[in-house]
Amino acid sequence: ASWLVISGPNGGGKTITLTTVGLAVEMAAHGLEICAAEGSEVPWVRATHVVLGDAQDLDQGLSTFSGHLKRVQAALAATEVELDAEDAGATPPSLVLLDELAAGTEPSAGAALARAVLEAFADRPCVGLASTHFEAVKLLAVADPRFANAALALDRASLSPSFCLELGAVG
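Worth saying up front: this structure is predicted, and the values here are computed from it rather than measured. (Residues numbered from 1 in each chain as written. Predicted model: local features only at pLDDT ≥ 70, side-chain atom pairs only at ≥ 80, totals over all residues. Heavy atoms only, no water.)

Undergrad: I would appreciate a short explanation of unusual backbone geometry in the present structure.
TA: Where the residue is not glycine, phi is negative for most of them; where a peptide bond is considered, it is trans in most cases. Of note, the phi angle at Glu100 is positive, near 50 degrees, even though the residue is not glycine. On the secondary structure map, Glu100 appears in the loop between β3 (94-98) and α3 (107-122). Classification of Glu100 by relative accessible area gives partly exposed; the value is 22%. With phi around 60 degrees, Phe163 is a residue other than glycine that occupies positive phi space. (Helix = DSSP H or I, 4+ residues; strand = E, 2+ residues; numbered from the N terminus. Buried < 20%, exposed > 50% of the residue type's maximum accessible area, 1.4 Å probe, protein only.)

The following block contains the structure:
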């Protein structure tokens, strides 16, 4: 899978996970040591595109949702690269990090939009992580091998975030 869909509770660390991955990839690319288990591999990427945080801009008349979409559109445009057949294996992918994709609108419309955007990114030369609460997005990994799930777990006794990422799980 080239995309990891991360789910879990609010306050559980999804945004922190995306930020940490982005920082580790960029640090390694610039020759800085990162804190990782022995044997870990960090992908070499051509560029990193991040859509994270509130994109509201009153000067431009952008709501949180429309500002978010504008940033997603820019990331989609930046990852649209035509590759020659001989260059396809040699050109490194881009890394795309999407936090709460399409969350600022009506839930069923947001889920459909988020799923379509992720499928569009999966058709491009990029790898990525996306956080979500949408069930339709969590189900992408069931139908499409380009996606895998991971969940940030809760401590069952205290119901507080454990900040442990469980690969293959749905939160």
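From this point, the discussion proceeds with the structure in view.
Undergrad: What am I meant to see in the packing of aromatic side chains here?
TA: Within a pair of aromatic rings, the relevant descriptors are the distance that separates the centres and the angle that separates the planes. This structure, assessed with the given rule, holds one aromatic pair. Pairing Trp3 with Phe121 gives two aromatic rings, centres 5.8 Å apart and planes at 40 degrees, and the pair type is tilted. One end of the pair, Trp3, is in strand β1 (residues 3-7); the other, Phe121, is in helix α3, and 118 residues separate them in sequence. Of the two residues, Trp3 and Phe121, both sit in the buried class. (Phe/Tyr/Trp six-rings, centres within 6.5 Å; stacked < 30°, edge-to-face > 60°.)

Undergrad: I would appreciate a short explanation of the pairing of strand β2 (residues 48-51) in the present structure.
TA: Along any regular strand the residues' side chains alternate between the sheet's two faces. Taking every second residue as pointing to the same face, the buried face of β2 carries His49 and Val51, while none of Thr48 and Val50 on the other face is buried. As judged from the four bridges shared by β2 and β3, these two strands associate in the parallel manner. Bridge assignment links Val51 to a residue of β3, and that residue is Leu98. (Pairing = 2+ DSSP bridges.)

Undergrad: Looking at this model, I keep getting lost on α3. Mind explaining?
TA: Structural remark: α-helix, 3.6 residues per turn; residues separated by three or four positions point the same way. Helix length check: α3, at 16 residues, gives a terminal C-alpha distance of 22 Å against a target of 22 Å (1.5 Å per residue), a fit within 8%. Listed in full, the buried residues belonging to α3 are Gly110, Ala111, Ala114, Val117, Leu118, Phe121 and Ala122. Buried residues in α3, looked at end-on, bunch into an arc of 135 degrees, giving them a common side. (Expected span 1.5 Å × (residues − 1). Arc of directions from axis to C-beta.)

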